[in-house]
Amino acid sequence: GGSDGHDPHILYTLSAVQILALYDRMELLDRDSIAGYVAGLQQADGSFFGDEWGEVDTRFTYCALSCLKLIGRMDAVDVEAATDYIASCKNFDGGFGST
């Protein structure tokens, strides 16, 4: 986490990566550690937990894939499973929910 007592979360991880990308400071990142953390959140169905507590939400899949794309490490996860998961969340009306 960010300091003692702060649990890591995919939302905050993506925000940190985005901020460093905006300010051209990507050299401050440990890309392998980030990729490992994000990969560890992916589930067998392709979805991602937001953190160690196991909440699944389509926004966490977005955060995970966005983070990995920014650091050039899409190879760390099963992208096909992630996109299949997103497709499984399509509702009858064309919108998307979380399963």
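Residues numbered from 1 in each chain as written. Predicted model: local features only at pLDDT ≥ 70, side-chain atom pairs only at ≥ 80, totals over all residues. Heavy atoms only, no water.

A. Molecular detail of the environment of Ile-19. Looking at the element boundaries, Ile-19 is found in helix 1 (residues 10–22). Sequence-wise, Ile-19 and Asp-75 are 56 residues apart; in three dimensions their C-alpha atoms are separated by 22 Å. (Helix = DSSP H or I, 4+ residues; strand = E, 2+ residues; numbered from the N terminus.)

B. Quick look at the state of the cysteines. Applying the stated criterion across every chain yields a total of zero disulfides. Here Cys-67 stays unpaired: no disulfide links it, and the sulfur of Cys-63, its closest cysteine neighbor, is 8.5 Å away. For Cys-67, a relative accessible area of 0% gives the class buried. (Disulfide = S-S within 2.5 Å. Buried < 20%, exposed > 50% of the residue type's maximum accessible area, 1.4 Å probe, protein only.)

C. Local environment of helix 1. The terminal C-alpha atoms of helix 1 lie 18 Å apart, and with 13 residues this matches the ideal 18 Å at 1.5 Å per residue to within 8%. Within the span of helix 1, buried status applies to Ile-10, Thr-13, Leu-14 and Val-17. One face of helix 1 carries all of its buried residues, which in axial projection span an arc of 95°. What points out from helix 1, more than 90 degrees from its buried face, is the exposed set Tyr-12 and Leu-22. (Expected span 1.5 Å × (residues − 1). Arc of directions from axis to C-beta.)

Interpretation note: all reported values are geometric properties and have no functional meaning in isolation.
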